[in-house]
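The lines below spell out each chain.
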Amino acid sequence: MGPRPGRGGAGAPRARGPPPGTPRRPHVLVRMDSKLVVEQMSGRWRIKHPDMRPLAAEAKAVFPPGRVTYEWIPREKNKYADRLANEAMDAGKAGRVWKSKQTFAVLGSTAASAAESDDPLAEAAAETSAGAVSAATVPAAAVARPAPAAEEPLAEPPPVAVGWAPDLGTPTTFVLMRHGETALTPEKRFSGSGGSDPDLSDKGRWQAERTAAALAARGTVQAVVSSPLARCRQTAQTVADRLGLEVRIEDGLRETDFGAWEGLTFAEVKDKYPADLEAWLASSKAAPTGGESFASVARRVSVARDKLLARHSGRTVLLVTHVTPVKTLVRLALGAPPESLFRMELSAASVSAVQYYADGNASLRLLNDTSHLRQPGA
């Protein structure tokens, strides 16, 4: 029996493959639980973050778009693989070879989850440098609501009891300082990165001087990094001058852009933008009117943290920044739930400290220290 003609008839041409012996060009299927990265690398979403663009270009150079397919896997279905990957990377950082028989991941168990989701209601209390939103100003009913699952929680390493682990060498220490007061601080107004960029007030400059003297007395800070906003740069320069150091600017440490809410109190925002405020309190993906969402802030703070850890390994670095970045770094170091942000007080010119170890774990060493601001004899 002869060959069956195709749909175009017996004379229709047939598609032919490459000549025999021609090497096949590999095609890669990448499965990820980051919807954002999948859409960006597939070319459907624009890559906005400047630090991510070179990485994306490098990946596309290795495998051009026609030779790679990106597929999104919901995080709920990827917990086990996510935990295994984290364990392997943590072992590599510590100079160990990871073995599957040593895993703590449990197939099909919620214990395999490597991250907590972000609660926007908790972030609402944390992301104003003037403290406009706090546990006292957000309705109790809203605070009591369970945190919704975030699409892209920040993955953290499996917990290890700090102090019981083997010697991992000198940790990297971030001394986290909130900037001194501005005119907006005592008035509890939204003061982010999209407003007037106020200077330090007279009290704020005094606070910066007192903090500089205290840090100089300790003699441990080896580098100074600041948010690009004026209040932080002025605070950082005061400290750096006292320590004989230069100030490096890190854009990822800036405060949230509150858009049209800049300069307003929580009550004024509730009166002028009630629907936007309600959406903002309900979802970390919702942005203030014309501003920046909490999810975006959390991502860039995490990126900034990792960049600084790589640049200053084993050193003590002063980060002069804002309420949002400091509380976020503290929460991630503790592995605490999002609602813990409501339980942290962070005063102007206060000092906190987090140490990061070679195995990927971290330890909170100090929180909201304002002893250096006390008047003599007080």
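Residues numbered from 1 in each chain as written. Predicted model: local features only at pLDDT ≥ 70, side-chain atom pairs only at ≥ 80, totals over all residues. Heavy atoms only, no water.

Some details on unusual backbone geometry
With phi around 65°, alanine 349 is a residue other than glycine that occupies positive phi space. Within the fold, alanine 349 resides in the loop between α11 (323-334) and β9 (351-356). Its identity as a non-glycine residue notwithstanding, asparagine 368 has a phi of 55°, on the positive side. Tracing the backbone through its elements, the reader meets asparagine 368 in strand β10 (residues 362-369). (Helix = DSSP H or I, 4+ residues; strand = E, 2+ residues; numbered from the N terminus.)

Quick look at the packing of aromatic side chains
Given two aromatic rings, one states the distance between the centres and the angle between the planes to describe the pair. In this structure the tally under the stated criterion is five aromatic pairs. Taken together, a centroid distance of 5.8 Å and an interplanar angle of 65° make the contact between phenylalanine 190 and tryptophan 261 edge-to-face. Placement of the pair is phenylalanine 190 in the loop between β5 (172-178) and α6 (202-218) and tryptophan 261 in the loop between β7 (247-249) and α8 (266-272), with a sequence separation of 71 residues. An aromatic cluster of three or more residues is present, and its members are Phe190, Phe258, Trp261 and Trp280. (Phe/Tyr/Trp six-rings, centres within 6.5 Å; stacked < 30°, edge-to-face > 60°.)

Observations concerning α11
Side chains that are three or four residues apart share a direction in an α-helix, a result of its 3.6 residues per turn. In this model, α11 (12 residues) spans 17 Å end to end at C-alpha, consistent with the 16 Å of a helix rising 1.5 Å per residue. Where burial is concerned, most of α11 is hidden: 11 out of the 12 residues are buried. Within α11, the full set of buried residues consists of Val323, Thr324, Pro325, Val326, Lys327, Thr328, Leu329, Val330, Arg331, Leu332 and Ala333. In the stretch just after α11, glycine 335 is the one whose phi turns positive, near 65°. (Expected span 1.5 Å × (residues − 1). Buried < 20%, exposed > 50% of the residue type's maximum accessible area, 1.4 Å probe, protein only.)

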